Amino acid sequence: PEGDSRYHLMLIDTRTLEFTTLELGDSLPRYAPTPDGELLLIDAEAYYDDERVRILDLSTGDLHPVLGPDVRLENFVLTQDSTQAFLVDDGAYQLSLTDRILQSLPLAIIPTNLNITGDDAWLLFQNNNGPVHVYDIEARRVTTVVGDAPSR
């Protein structure tokens, strides 16, 4: 591949079998496709490089930066309509995939675990083995706290 980067992503057109490559940097990249298959979220595992989350539009081949804090794809969920991602990385964040903007979510805890309900209406946050904080995505707030830390 052309370019000075160590790592590239190969994109193959399955109809023609033609391929192109895209430079991704010198840190081993990680990527996750959106449910609709139109976008790839890309980052690098290494924190020492500025390889923050980027969004690749697979229809155009354009790689876009994300505006906002430097976070990694360690713990994240995607909405079924492929418009949003929610991430946990020393805080909780909402990523608009259409606007490519990452914003912090207002939580009273720093979560370590994250999940989303099947209807994309609620996020479930937990800090270690603590109670589950149920976050209403539309209302942008925690509406319920369920359970206590298990006793050991």
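Details of the structure are given in the entry above.
The structure displayed is predicted, hence computed values, not measured ones.

A closer look at the pattern of salt bridges
Logical step 1: Under the defined criterion, the tally for this structure stands at four salt bridges.
Logical step 2: A salt bridge links Asp13 to Arg15, with the nearest nitrogen and oxygen atoms 3.9 Å apart.
Logical step 3: Since its relative accessible area comes to 28%, Asp13 is described here as partly exposed.
Logical step 4: Arg15 gets classed as exposed once you look at its relative accessible area, which sits at 73%.
Logical step 5: A salt bridge links Arg30 to Asp43; the nearest nitrogen and oxygen atoms lie 2.8 Å apart. One end of the pair, Arg30, is in strand β3 (residues 29-33); the other, Asp43, is in strand β4 (residues 39-44), with 13 residues separating them in the sequence.
Logical step 6: Judged by its relative accessible area of 0%, Asp43 is buried.

Describing the sheet that holds strand β8 (residues 84-88)
Logical step 1: Spatial strand order, β7-β8-β9-β10: four strands in an open sheet with antiparallel pairing. Looking at strand neighbours, the two that pair on one side only are β7 (75-78) and β10 (101-104), the edges of this open sheet. Taking the axes of each pair of neighbouring strands and ignoring which way they run, one obtains an average angle of 20 degrees across the sheet.
Logical step 2: In terms of strand pairing, β7 meets β8 through four bridges, oriented antiparallel. Bridge assignment links Phe76 to a residue of β8, and that residue is Leu87.

Side note on the nonpolar core
Logical step 1: Core analysis: the largest hydrophobic core is formed by 14 residues, its most contacted members being Leu41, Ala85, Leu87, Leu95, Leu97 and Leu102.
Logical step 2: Where this core is concerned, the elements lending two or more residues are β4, β8 and β9 (92-96).
Logical step 3: With sequence-adjacent residues up to four places away left out, Ala85 is seen in contact with Leu41, Val77, Leu78, Tyr93, Gln94, Leu95 and Leu97.
Logical step 4: Judged by nonpolar contacts, the second largest core, of 13 residues, contains Ala92, Leu114, Tyr135 and Ile137.

What about the environment of Leu105?
Logical step 1: Residue position: Leu105 is located in the loop between β10 and β11 (113-116).
Logical step 2: Note on Leu105: relative accessible area 6%, which makes it buried.
Logical step 3: Setting aside residues no more than four positions away along its own chain, Leu105 makes contact with Phe86, Ala92, Tyr93, Gln94, Leu123, Phe125, Tyr135 and Arg140.

Rules behind the numbers
Residues numbered from 1 in each chain as written. Predicted model: local features only at pLDDT ≥ 70, side-chain atom pairs only at ≥ 80, totals over all residues. Heavy atoms only, no water. Salt bridge = Lys/Arg side-chain N within 4 Å of Asp/Glu carboxyl O. Buried < 20%, exposed > 50% of the residue type's maximum accessible area, 1.4 Å probe, protein only. Helix = DSSP H or I, 4+ residues; strand = E, 2+ residues; numbered from the N terminus. Pairing = 2+ DSSP bridges. Axes fitted to C-alpha atoms, helices over the stretch in contact; angles between N-to-C directions. Core = buried A, V, L, I, M, F, W, Y, C linked by side-chain atoms within 4.5 Å. Contact = heavy atoms within 4.5 Å.

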